[in-house]
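Next come the chains, spelled out residue by residue.
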Amino acid sequence: MTQEMNARHSAFIMRLALGGILLAHGLLKLFVFTIPGTVGFFESLGLPAIVAYLTIFGEIVGGTAIILGLYTRLAAVLSLPILLGAFWTHAGNGWVFSNEGGGWEFPLLLVVIAIAVALNGNGAYAVRKLPVVDSLIPQTLRG
């Protein structure tokens, strides 16, 4: 494999990892914790209900877009508020995610991965873009 091919496949692997985790967490909130349960948890943190709905939507739609390689950079950038919110939520629980309430190292890792995916873009095996939508998105966030 060439250096360029390695970089494209590495970006693809990072894309699948981030997208898969976002999608899994969104589906967990939807099917296991349920929407009312997720809203209640967010409200217990002092956040308005709309943040719970936006988080579920962002994780499911953003995770799916990242997996497909559809506007990967944009989806990764838009996932940052969700991931920073998760970091904030777990910040007081200590370093290790196995601590009660979950620690902050896993959410921080996801922030770093989202930044890496935003910088690297689609990588290999990506849908990339939909021509109809392209005019609405800045060039730097399309790939």
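Residues numbered from 1 in each chain as written. Predicted model: local features only at pLDDT ≥ 70, side-chain atom pairs only at ≥ 80, totals over all residues. Heavy atoms only, no water.

Before going further, it helps to examine the confidence of the model for the protein. For any part of a model where pLDDT is low, the fine detail of the predicted coordinates should not be relied upon. This prediction gives the protein a mean pLDDT of 92; 95% of its residues lie at or above 70. No element of the protein has a lower mean pLDDT than helix 6 (residues 131-134), at 70, and none a higher one than helix 2 (residues 35-44), at 98. (pLDDT = per-residue confidence, 0-100. Helix = DSSP H or I, 4+ residues; strand = E, 2+ residues; numbered from the N terminus.)

To continue, consider the packing of helix 1 (residues 3-32) against helix 3 (residues 49-68). Here helix 1 crosses helix 3 at 150°, and the two axes come no closer than 7 Å. Taken as axis vectors, helix 1 and helix 3 run roughly antiparallel relative to one another. Crossing angle aside, the handedness with which helix 1 passes helix 3 is left-handed. Of helix 3, the residues touching helix 1 (which contributes R15, L16, L18, G19, G20, L22, L23, H25, G26, L27, K29 and L30) are T55, I56, E59, I60, G63, T64, I66, I67 and L68. When grouped by side-chain class, the residues that make up the contact of helix 1 with helix 3 number 11 nonpolar, 7 polar and 3 charged. (Axes fitted to C-alpha atoms, helices over the stretch in contact; angles between N-to-C directions. Parallel < 35°, antiparallel > 145°, perpendicular 65-115°, else oblique. Left-handed = near helix turned anticlockwise from the far one by under 90°. Contact = heavy atoms within 4.5 Å. Nonpolar A, V, L, I, M, F, W, Y, C, P; charged D, E, K, R; others polar.)

Side chains carrying opposite charge are able to pair once their charged atoms draw close together. Counting across every chain of the model gives 1 salt bridge. A salt bridge links K29 to E59; its shortest N-O distance comes to 3.0 Å. Placement of the pair is K29 in helix 1 and E59 in helix 3, with a sequence separation of 30 residues. You'll find K29 and E59 in the same group, each marked buried. (Salt bridge = Lys/Arg side-chain N within 4 Å of Asp/Glu carboxyl O. Buried < 20%, exposed > 50% of the residue type's maximum accessible area, 1.4 Å probe, protein only.)

A word on the side chain of S79. If you trace the backbone, S79 turns up in helix 4 (residues 72-90). Apart from the residues within four sequence positions on either side, S79 is in contact with L22 and A114.

With that settled, consider helix 5 (residues 105-120). One turn of an α-helix holds 3.6 residues; hence residues three or four places apart share an orientation. Helix length check: helix 5, at 16 residues, gives a terminal C-alpha distance of 22 Å against a target of 22 Å (1.5 Å per residue), a fit within 8%. Residues of helix 5 that are buried include every one of P107, L110, V111, I113, A114, V117 and A118, and no others. Down the axis of helix 5, the buried set is contained in an arc of 170°. They therefore lie on one face. Buried positions along helix 5 lie against helix 1 and helix 4. At the C-terminal side of helix 5, G121 shows a positive phi close to 80°. (Expected span 1.5 Å × (residues − 1). Arc of directions from axis to C-beta.)

What follows concerns the packing of helix 1 against helix 4. Interaxial distance between helix 1 and helix 4 falls to 12 Å at its minimum, and their mutual angle equals 45°. The angle between helix 1 and helix 4 falls in the class oblique. For the pair helix 1 and helix 4, the crossing hand works out as left-handed. On helix 4, the residues that touch R15, L18 and L22 of helix 1 are T72, A76, S79 and L83.

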